[in-house]
Amino acid sequence: MGKVYEELNKVQSVLHDGGKIWTRDELVDWFNDGYRRLLGQTHAVKRLVCMDVPPRFPVTMTYQWETRYAYGSNYTPFFSILNNDRKATYQWEAEQAEGETTTNSLSLVTHPWERSFVGVDVDQHYQFVLPRNSEKIKRVAWDDERLSPITVRELDETRDNWFNRDGEPNWWTTGTGKNRTIEVFEIESTYNQAYKFQNGLFGLTRNMSGSRTYSTVEVTTKHPSNFYAFTSTSDIDYFTNRTPSYYQGHGWRFTQDVSNGYHGTQVWEKEMQDGTDSADLSTGATVGTYGWEVNFGAQTVNFGLGPVRELSSTARQYLPVAEHTGEYFVNGTIRDMKSTASSISVIESIVPGFNLGEGDLPDLVPAQMVKYIRYYVLMMAFGRTGEGYNPSMAEHYDFRWNRGLQFMERLANLTSRDREYQRTHPSAVRGRPPRVQLPSTYPRVLF
Amino acid sequence: MNRQEIRDRILRGLNESTSSPSLFTTAQVDAYIEDAQEILSEEVAAIKRELIVTKRSGTTYYNTRGLATDMMVPYRIWDVNNERKLEAKTLFELDSHNERWVDTTGDPWWWFPLSWDVFGIYPRPATGGGTLRIGYLAWPRTLLDDSDEPEFQNSDHDGLVLYGVYEGLLKQWDIARATQIFVKFVESWGDSSARHGARAMERRLMTRTNG
């Protein structure tokens, strides 16, 4: 894979210019433009985005200018009144400000998740915001079931305050919000959150727990040993948390909690205290206090050290996704976990989230496609009016660039080589995708 | 032809010395040859490879970059244990077929695209085991040294020479002559494509389908 500077070196060899006529910064800017266009026009790169329900926003603001200082997605719950000169919390304030008789208004929430407390009778639209590198939506689903697209106009035809109707989402729309926001109809107000990071927002994932069963598997053949051993959590809490700490490094608790409050080194001790019949007790084993004692017959102790490297399950798939950056390489530690279950999931095409520097890799595209970005840079360079302007060369590289776009579009459909295409009747009407048809003998479905 | 022979022909086509070219370095001409290989494989679909991947319980999606770094696009997925080809579908067709396709388990029958580098199979296996043979169109491997030969058939090698000459002329800003050479390169795609496709079989009954 060619880094940006390598491709620009090739560009400069064709331009016969070391930066006098076309500066390096100019070439980098065109490279980023070409990279963004290659992805934006072909929609070749698609990613899965999951959003908890109700929508979550890190920042709520009152005025639009505050978005200049907000990092991440933001939400504006208040209403603009009086020629957008004031902000109102309730709709009746608009009536009062203009000297009219007020009518009762619904609740206002400053964060959409508050709907889980106040219900759906809220005057604001139920908006989800997509990441900044979002380009085009391919599919929206609620709890893994596809939502059909619908326009605001069609929803308005229902002559109903559709934006706060309670129920299971069946439709999605671009809604009335800002760019990269969508709304669903009907709306789910129950608070759902698939995963929650506890005890701090920084550092590494140390343990996973919940309604599912999680276990760690050591992936190295070399078993690291513990620095110390302890019998109860209270022992180690004292010795490690005191200042200065008595013990450094990682330890191992070689006992087990028993129901009567005691600790046992053997499994059968726990079973016996828990009331298991003596005939059913587990066989005893040699229990060491240090990992090296495995050489003398003690049980092997596995220490799950370091960051999580892989998540696997026989019941579901864990997909690594580099969020927001638009980069492919999923390095580093887990910063967030989402699930498609009981959430809104969106399959969308993306563009790069940030500009590349000369030392970066355009890794959202195949390495072999980078040459077409080079052609784009050459097209722009030769097509720029002024010194070095060469319309013939620009036109030719434009042809090469467009050829690359066409190829990338074909690549975007991985099954293009495995399908038989045939011309459809020209009078076929393209409508909304059909829903699953139940057979006539299916029991009556009541809503 | 090996890489050196192709390079020498390109330089002679540009009226350059093969031993000490004035306007080009060896690395530049080698890069032209690599680009030519890539473009030819993109336009002609000449290079096919196959790999085997294990079906894993709960796994729906596969990343092509994790399967093979030279994978351009799969053209065939064969379920070895069930002795059948997976049928290519779209997400649209999946959703129309089964609203809860995400949860459905069983032996896979279909495969569908998600992104240029991700595809999925449906249904997802309930238990691990068994393999899929994935046939794919590939980008060519990089030529390792001057004695290395391109994977294409010998009759395609002159196309690589044409492309190298074309790139050299572009570097000299001789757009008129470069365009003529490029047209010849493009014209060779049709023959090359047929050479790796239908014409590969000596005799075949071809009939015209209804328009």
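Remember, predicted model here, so these are calculated numbers, not experimental data. (Residues numbered from 1 in each chain as written. Chains lettered and ligands numbered in written order. Predicted model: local features only at pLDDT ≥ 70, side-chain atom pairs only at ≥ 80, totals over all residues. Heavy atoms only, no water.)

### Describing the overall build of chain B
Our working definition: Only DSSP runs of H or I reaching four residues or more are called helices, and only runs of E reaching two or more are called strands; each is numbered from the N terminus. Note that the radius of gyration is over C-alpha atoms, with the globule rule given as 2.2 Å times the number of residues to the power 0.38. A simple rule labels every residue: compare its accessible area, found with a 1.4 Å probe on the protein chains alone, to the largest value its type can have, and call it buried under 20%, exposed over 50%, or partly exposed in between. Note on definitions: a residue-residue contact is assigned when non-hydrogen atoms from the two residues lie within 4.5 Å. Here, Shrake-Rupley sampling with a 1.4 Å probe gives the accessible areas, and only protein chains in the shown set may cover a residue. Counting rule applied: Lys, Arg positive; Asp, Glu negative; His and chain ends not counted. In plain terms, the charge of a residue is placed at NZ if it is Lys, CZ if Arg, CG if Asp and CD if Glu.
Each helix and strand in chain B was counted, giving 6 helices and 8 strands. Moving toward the C terminus, one meets the helices and strands of chain B in the order α-α-β-β-α-β-β-β-α-β-β-β-α-α. Taking 2.2 N^0.38 as the reference for a compact globule, 211 residues should give roughly 17 Å; the C-alpha atoms of chain B span a radius of gyration of 22 Å, well beyond that estimate. Principal-axis analysis of the C-alpha atoms gives chain B an extent of 65 × 40 × 30 Å. Taken over 211 residues, chain B has a buried fraction of 52%. Across chain B, every contact between residues at least 6 apart in sequence was considered, and the portion connecting residues at least 24 apart equals 66%. In the structure as shown, chain B presents an accessible area of about 9900 Å², 47% of it carried by carbon and sulfur atoms. When the 25 positive and 32 negative side-chain charges of chain B are each reduced to one mean point, those points stand 5 Å apart.

### Some remarks on the overall build of chain A
Counting secondary structure elements, chain A contains 9 helices and 15 strands. By residue count, 37% of the 447 residues in chain A fall in the buried class. Taking contacts inside chain A between residues at least 6 apart in sequence as the whole, the part at least 24 apart equals 62%. Element-wise, carbon and sulfur atoms account for 48% of the exposed surface of chain A, whose accessible area totals about 26800 Å².

### Focus: the pattern of salt bridges
Threshold: Salt bridges are defined as contacts in which a side-chain nitrogen from Lys or Arg sits within 4 Å of a carboxyl oxygen from Asp or Glu.
All chains considered together, the criterion is met by 32 salt bridges over all chains. The salt bridge partner of Arg374(A) is Glu7(A), with a shortest N-O separation of 2.9 Å. Of the two residues, Arg374(A) is situated in helix 8 (residues 370–383) and Glu7(A) in helix 1 (residues 4–15); the sequence distance between them amounts to 367 residues. The exposure class of Arg374(A) is buried, given its relative accessible area of 7%. Note that Lys371(A) is salt-bridged to Glu38(B), the shortest N-O span being 2.8 Å. Of the two residues, Lys371(A) is situated in helix 8 and Glu38(B) in helix 2 (residues 26–44); the pairing between them involves two chains.

### A short note on the environment of Val308(A)
Residue and element names in this part refer to chain A. Positionally, Val 308 belongs in the loop between helix 7 (267–273) and strand 15 (344–350). Taking the relative accessible area as the measure of exposure, Val 308 reaches 28% and is therefore partly exposed. Spatially, the C-alpha atom of Val 308 lies 46 Å from that of Leu 106, the residues being 202 residues apart in sequence. The contacts of Val 308, once residues within four sequence positions are left out, are Thr 205 and Ile 334.

### Examining the packing of helix 1 (residues 3–13) of chain B against helix 5 (residues 157–171) of chain B
All names here are of chain B. The following threshold applies: What counts as an axis is a line fitted to C-alpha atoms, over the stretch in contact for a helix, and the angles between N-to-C directions run from 0 to 180 degrees. Each angle is binned into one of four classes, with values under 35 degrees roughly parallel, values over 145 roughly antiparallel, values of 65 to 115 roughly perpendicular, and all other values oblique. Left-handed is the label given to a crossing in which the near helix is rotated counterclockwise from the far helix by less than a right angle, and right-handed is the label when the rotation is clockwise. For this scheme, ten residues count as nonpolar: Ala, Val, Leu, Ile, Met, Phe, Trp, Tyr, Cys and Pro. Four count as charged, namely Asp, Glu, Lys and Arg, and the remainder, Gly too, count as polar.
Between helix 1 and helix 5, the least distance of the axes is 9 Å, while the angle of their chain directions is 45°. Viewed along their axes, helix 1 and helix 5 adopt a mutual orientation that is oblique. Viewed along their axes, helix 1 and helix 5 form a crossing whose handedness is right-handed. Contacts between helix 1 and helix 5 pair Ile 6, Arg 9, Ile 10 and Gly 13 from the former with Leu 160, Val 161, Gly 164 and Val 165 from the latter. Classifying every residue of the contact of helix 1 with helix 5 by side-chain character gives 5 nonpolar, 2 polar and 1 charged.

### With respect to the confidence of the model for chain A
Short version of the rule: Residue-level confidence of the predictor, termed pLDDT, takes values from 0 up to 100.
Chain-level pLDDT for chain A is 85 on average; 89% of the residues reach the 70-or-more range. Highest mean pLDDT in chain A belongs to helix 8 of chain A (97); lowest belongs to helix 6 (residues 233–241) of chain A (76).

### What about the interface of chain B and chain A?
Operational definition: A simple way to read buried area is as the amount of 1.4 Å-probe accessible surface that goes missing from two parts once joined, with both sides added. The definition of a polar contact used here is a pair of N or O atoms within 3.5 Å, where within protein one atom must be able to donate a hydrogen and the other to accept one, and adjacent residues in sequence count solely through side-chain atom pairs.
The interface of chain B with chain A comprises 61 residues on the first partner and 57 residues on the second. Between chain B and chain A, roughly 5100 Å² of surface is buried when both sides are summed, and carbon and sulfur atoms account for 54% of that area. On the chain B side of the interface with chain A, the three residues burying the most area are Glu99(B), Trp116(B) and Trp173(B), jointly 15% of the side's total. Remark: the boundary between chain B and chain A carries 9 salt bridges. Between Arg47(A) and Asp117(B) there is a salt bridge; the shortest N-O distance is 3.7 Å. Our count for the chain B to chain A interface comes out at 26 residue pairs in polar contact (both at pLDDT 80 or more). Residue composition of the side of chain B that touches chain A, by class: 30 nonpolar, 13 polar and 18 charged.

### Considerations on the side chain of Arg139(A)
Structurally, Arg139(A) is set in strand 7 (residues 134–142). For Arg139(A), a relative accessible area of 9% translates into the label buried. A polar atom in the side chain of Arg139(A) sits 2.8 Å from the side chain of Asp95(B).

### Re the packing of aromatic side chains
To be explicit about the condition: To pair, rings of Phe, Tyr and Trp, with the six-membered ring standing in for Trp, must have centres within 6.5 Å; the planes then decide the type, stacked if under 30 degrees apart, edge-to-face if over 60, and tilted in the middle. Think of it as a cone above the ring: NZ of Lys or CZ of Arg counts as a charge over the ring if it is within 6 Å of the ring centre and within 35 degrees of the ring normal.
Counted under the stated rule, the structure contains 27 aromatic pairs over all chains. Seen in terms of ring centroids, Trp162(A) and Phe163(A) are 6.1 Å apart; in terms of plane orientation they differ by 80°. Their pairing is edge-to-face. With a relative accessible area of 13%, Phe163(A) lands in the buried category. Three or more aromatic residues joined by ring pairs form one cluster here, namely Trp22(A), Tyr372(A), Tyr375(A), Phe382(A), Tyr397(A) and Trp173(B). The ring of Phe354(A) carries the charged tip of Arg132(A) above its face, separated from the ring centre by 5.0 Å.

### Re the packing of helix 2 (residues 24–42) of chain A against helix 9 (residues 391–412) of chain A
Residue and element names in this part refer to chain A. Closest axis-to-axis distance for the helix 2/helix 9 pair is 9 Å, and the angle between their directions is 45°. Judged by the angle between their axes, helix 2 and helix 9 are oblique. As helix 2 runs across helix 9, the sense of the crossing is right-handed. Within the contact between the two elements, helix 2 uses Gly 34, Arg 37, Leu 38, Gln 41 and Thr 42 and helix 9 uses Trp 401, Gly 404, Leu 405, Met 408, Glu 409 and Ala 412. Taken together, the residues that form the contact of helix 2 with helix 9 break down as 5 nonpolar, 4 polar and 2 charged.

### Structural notes on the environment of Leu82(A)
Residues and elements named next belong to chain A. Looking at the element boundaries, Leu 82 is found in the loop between strand 4 (79–81) and strand 5 (86–88). Judged by relative accessible area, Leu 82 falls into the partly exposed class, the value being 36%. Through-space distance from the C-alpha of Leu 82 to that of Ala 97 is 7.5 Å; in sequence the pair is 15 residues apart.

### Regarding the sheet that holds strand 15 of chain A
Residue and element names in this part refer to chain A. In plain terms, the rule: Pairing between two strands requires that DSSP report at least two bridges joining them.
In spatial order, the strands read 1-15-7-8-9-10-6; together these 7 strands make up an open sheet with mixed pairing. The sheet is open, and its two borders are formed by strand 1 (46–51) and strand 6 (127–129), each paired with just one other strand. With direction set aside, neighbouring strand axes in the sheet form an average angle of 40°. By the bridge criterion, 2 bridges tie strand 8 (residues 145–149) to strand 9 (residues 171–173) in an arrangement that is parallel. Each residue of the ladder has a partner; that of Ser 148, found in strand 9, is Trp 171.

### A closer look at unusual backbone geometry
A cis amide bond links Phe185(A) with the next residue in sequence, Glu186(A), at an omega value of -5°. Looking at the secondary structure, you find Glu186(A) in the loop between strand 10 (181–185) and strand 11 (228–230). The residue after Tyr122(B), namely Pro123(B), is reached through a cis peptide bond having omega -10°. Of note, His16(A) is a non-glycine position whose phi angle comes to about 55°, a positive value. One can find His16(A) in the loop between helix 1 and helix 2.

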